[in-house]
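Here is how the chains run, residue by residue.
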Amino acid sequence: MALVTTAEVCDANPQLILSGELRALQPIFQIYGRRQVFSGPVVTLKVFEDNVLVREFLEEKGNGRVLVVDGGASVRCAILGGNPVVQAQNNGWAGIIVNGCIRDVDEINGCDIGVRALASHPMKANKKGMGEKHVPINSCGDQDL
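The present account deals with the structure reproduced in this document. (Residues numbered from 1 in each chain as written. Predicted model: local features only at pLDDT ≥ 70, side-chain atom pairs only at ≥ 80, totals over all residues. Heavy atoms only, no water.)

### What about the side chain of Glu49?
Moving on, step 1. Assignment of secondary structure puts Glu49 in the loop between β2 (42-46) and α3 (52-59).
Moving on, step 2. Once you skip the residues sitting within four places of it in the chain, Glu49 turns out to touch Ser74, Arg76, Cys77, Ile79, Ala125 and Asn126. (Helix = DSSP H or I, 4+ residues; strand = E, 2+ residues; numbered from the N terminus. Contact = heavy atoms within 4.5 Å.)

### Some details on unusual backbone geometry
Moving on, step 1. Backbone geometry places Glu49, a non-glycine residue, at a positive phi of 55 degrees.
Moving on, step 2. One non-glycine residue, Ala73, adopts positive backbone phi at about 60 degrees.
Moving on, step 3. Tracing the backbone through its elements, the reader meets Ala73 in the loop between β3 (66-70) and β4 (78-80).

### A word on helix α4 (residues 82-90)
Moving on, step 1. Along α4, the residues classified as buried are Gly82, Pro84, Val85 and Ala88. Looking straight down α4, one finds that the buried residues subtend no more than 165 degrees of arc, so they occupy a single side. Seen from the open side of α4, the exposed residues pointing more than 90 degrees away from its buried face are Asn83 and Asn90.
Moving on, step 2. In this structure, the buried side of α4 is in contact with α3, β4, β5 (95-102), α5 (105-109) and β6 (114-120).
Moving on, step 3. Positive phi appears at Gly92, one or two residues downstream of α4, with a value of about 85 degrees. (Buried < 20%, exposed > 50% of the residue type's maximum accessible area, 1.4 Å probe, protein only. Arc of directions from axis to C-beta.)

### Digging into the layout of surface pockets
Moving on, step 1. Within this model, the second largest pocket holds a volume of roughly 160 Å³.
Moving on, step 2. In this structure, the second largest pocket is lined by 14 residues; those nearest its centre are Asn51, Arg55, Gly81, Arg103 and Lys127.
Moving on, step 3. Those elements giving two or more residues to the lining of the second largest pocket turn out to be β4 and α4. (1 Å grid on protein atoms, 1.4 Å probe; cavity = no way out; pocket = protein on both sides within 12 Å on 5 of 7 lines; lining within 4 Å. Points joined across faces, edges and corners; volume = space filled by probe spheres on them.)

### Observations concerning the packing of α3 against α4
Moving on, step 1. For the pair α3 and α4, the least separation of the axes is 8 Å and the interaxial angle reads 25 degrees. In terms of orientation, α3 and α4 fall into the roughly parallel class. The element α3 and its partner α4 pack so that their crossing is left-handed. Between α3 and α4, the contacting residues are Arg55, Leu58 and Glu59 on the first element and Asn83, Pro84, Gln87 and Ala88 on the second. (Axes fitted to C-alpha atoms, helices over the stretch in contact; angles between N-to-C directions. Parallel < 35°, antiparallel > 145°, perpendicular 65-115°, else oblique. Left-handed = near helix turned anticlockwise from the far one by under 90°.)

### Quick look at the packing of aromatic side chains
Moving on, step 1. Considering all chains together, one arrives at zero aromatic pairs under this definition.
Moving on, step 2. Lying across the ring of Phe57, Lys133 places its NZ or CZ 5.5 Å from the centre. (Phe/Tyr/Trp six-rings, centres within 6.5 Å; stacked < 30°, edge-to-face > 60°. Lys NZ or Arg CZ within 6 Å of the ring centre and 35° of its normal.)

### Here's the deal with the pattern of salt bridges
Pairing between side chains of opposite charge can happen when their charged atoms approach one another.
Moving on, step 1. Tallied over the full model, the rule gives five salt bridges.
Moving on, step 2. Close ionic contact of Arg35 with Asp112 constitutes a salt bridge, the shortest N to O distance being 3.4 Å. In this pair, Arg35 is assigned in the loop between β1 (30-32) and β2 and Asp112 in the loop between α5 and β6, connecting sequence segments 77 residues apart.
Moving on, step 3. We classify Arg35 as partly exposed; its relative accessible area is 29%.
Moving on, step 4. One salt bridge connects Glu60 with Arg65, and the closest N-O pair in it is separated by 3.5 Å.
Moving on, step 5. Since its relative accessible area comes to 34%, Glu60 is described here as partly exposed.
Moving on, step 6. Overall, the relative accessible area of 17% leaves Arg65 in the buried class. (Salt bridge = Lys/Arg side-chain N within 4 Å of Asp/Glu carboxyl O.)

### Quick notes on the nonpolar core
Note on soluble globular proteins: their nonpolar side chains tend to be buried together.
Moving on, step 1. Within the largest apolar cluster, 25 residues are counted, with the highest numbers of intra-cluster contacts made by Leu67, Leu80 and Ile96.
Moving on, step 2. Of all elements in the fold, only β2, α3, β3, β4, α4, β5 and β6 reach the threshold of two or more residues within this core.
Moving on, step 3. Broken down by element, this core gets its largest block of residues, four residues, from α3.
Moving on, step 4. Residues in contact with Leu80, not counting those within four places in the same chain, are Val54, Leu58, Val85, Ile96, Val98, Cys101, Ile102, Arg103 and Val115.
Moving on, step 5. Formed by nine residues, the second largest nonpolar core is a distinct cluster that contains Phe29, Phe38, Val66 and Ile97. (Core = buried A, V, L, I, M, F, W, Y, C linked by side-chain atoms within 4.5 Å.)

Encoded structure:
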């Protein structure tokens with residue numbers, strides 16, 4: 001299968017861009033993990049400074065899916081770390097996009113998975129289990145998914 005770039009997809013589908021069916025992430029996300037390019041069916045999660053639901057999702061079989069986490073753009077703690085990313089890799093997830101922070105960057109960069117996040121932060125998240133699964137989420141002020 002030939003690699004098709006995001007720019008080529010955008011160029012070939014102006015009608016989908018106009019209708020809002022095709023969108024691209026704003027260029028504010030840092031690239032982590034060994035997969036520079038990834039795609040797959042999307043599942044969404046909305047949390048704020050809590051990573052219990054993130055871990056629960058990544059314990060499931062990924063089947064090539066991409067987890068998109070609206071972390072409220074918080075930069076006060078990390079909602080994703082090395083252990084869940086290793087588990088996601090082992091469970092067949094294609095990638096994880098976090099509108100928030102991650103930690104354990106060296107460990108994540110060694111994993112064969114794609115990860116995008118705003119930044120890294122050394123402090124861990126809360127463990128209250130608060131959040132919403134499979135909901136429309138916002139990233140950078142735009143409803144994305």
